[in-house]
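The lines below spell out each chain.
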Amino acid sequence: MSPAMTIIVINGVILLLCYLVLFPVIVRDNLQKLAVNDLFAFVVAMTVAGSLYMGTNVEIMVMGLSFNWFWFALCCYILLELPLAVWYLNRYKLWPPAP
């Protein structure tokens, strides 16, 4: 599997596990707990990707732009998380915030 696909799978599995299994049980409708647990999930995703690719000269080409593993993992994580976060915030009525 290519490094790009490996990072996408790592991020996707972690995000799906968090937003569909862990967060509904642990976080529910607490925005502060969501932020802390999401930060933990991000650290786990970056640690796993870093353990695979840190110190290597892996370059990932996306639309003609070259990214190293860190920036690709970060951008990929954000792009994968946005729709899940919006869905979760709407599901538990955390968005828009109460006045």
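No experiment lies behind these values; they were computed from the predicted model shown.

About the thresholds
- Residues numbered from 1 in each chain as written.
- Predicted model: local features only at pLDDT ≥ 70, side-chain atom pairs only at ≥ 80, totals over all residues.
- Heavy atoms only, no water.
- Core = buried A, V, L, I, M, F, W, Y, C linked by side-chain atoms within 4.5 Å.
- Buried < 20%, exposed > 50% of the residue type's maximum accessible area, 1.4 Å probe, protein only.
- Helix = DSSP H or I, 4+ residues; strand = E, 2+ residues; numbered from the N terminus.
- Contact = heavy atoms within 4.5 Å.
- Phe/Tyr/Trp six-rings, centres within 6.5 Å; stacked < 30°, edge-to-face > 60°.
- Pairing = 2+ DSSP bridges.
- Bend = angle between axes of the 7 residues up to and from the residue.
- Patch = residues over 30% accessible without salt bridge, like charges linked within 9 Å, V, L, I, M, F, W, Y side chains within 5 Å.
- Areas by Shrake-Rupley, 256 points an atom, 1.4 Å probe, with all protein chains shown as cover.
- Salt bridge = Lys/Arg side-chain N within 4 Å of Asp/Glu carboxyl O.
- Expected span 1.5 Å × (residues − 1).
- Polar contact = N/O pair within 3.5 Å; in protein donor to acceptor, adjacent residues only side chain to side chain.

The nonpolar side chains of a soluble globular protein tend to be buried, and buried together. Core analysis: the largest hydrophobic core is formed by 17 residues, its most contacted members being Ile14, Cys18, Tyr19, Phe23, Leu34, Tyr88 and Leu94. Contributions of two or more residues to this core are made by helix H1 (3-26), helix H2 (31-53) and helix H3 (69-91). No other element matches the six residues that H1 contributes to this core. Setting aside anything within four residues of it in sequence, one finds Phe23 in contact with Cys18, Arg28, Leu34, Asn37, Asp38 and Tyr88.

Take the packing of aromatic side chains next. Each aromatic ring pair is described using two quantities: the centre-to-centre distance and the angle formed by the ring planes. Taken as a whole and assessed by the stated rule, the structure comprises eight aromatic pairs. Taking the centre distance of 5.9 Å and the plane angle of 90° together, the rings of Trp69 and Phe70 count as edge-to-face. Relative accessible area serves as the criterion here: at 31%, Phe70 is assigned to the partly exposed category. When the centroid spacing of 6.5 Å and the interplanar angle of 65° are considered together, the rings of Trp87 and Tyr88 count as edge-to-face. Classification of Trp87 as partly exposed rests on a relative accessible area of 35%. An aromatic cluster is built from Tyr19, Phe23, Trp87, Tyr88 and Tyr92, whose rings are joined through pairwise contacts.

Turning our attention to the pairing of strand S2 (residues 65-68). Here strand S1 (residues 59-62) pairs with S2 via four bridges, running antiparallel. Opposite Val62, over in S2, you have Leu65 as the bridge partner. What sits between S1 and S2 in their antiparallel hairpin is a turn of two residues, with Met63 showing a positive phi close to 50°.

Its axis deflected by about 40° at Cys18, H1 carries its strongest bend there. Regarding H1, the residues found buried are Ala4, Thr6, Ile7, Ile10, Asn11, Gly12, Ile14, Leu15, Cys18, Tyr19, Phe23 and Pro24. In this structure, the buried side of H1 is in contact with H2, S1 and H3. Just downstream of H1, Arg28 is the residue with a positive phi angle, here 55°.

Together, Leu16, Leu17, Leu20, Val21, Leu22, Val25, Ile26 and Trp87 make up a nonpolar patch on the protein surface, roughly 720 Å² of accessible area in all. At seven residues, the largest contribution of residues to the nonpolar patch is made by H1. Looking at where Leu22 falls in the secondary structure, it is placed in helix H1.

The terminal C-alpha atoms of H2 lie 33 Å apart, and with 23 residues this matches the ideal 33 Å at 1.5 Å per residue to within 8%. Where H2 is buried, its residues contact H1 and H3. Near the N-terminus of H2, the side chain that reaches the backbone nitrogen of Gln32, with its oxygen 3.0 Å away, is that of Asn30.

Coordinates in, geometry out; function isn't part of it.
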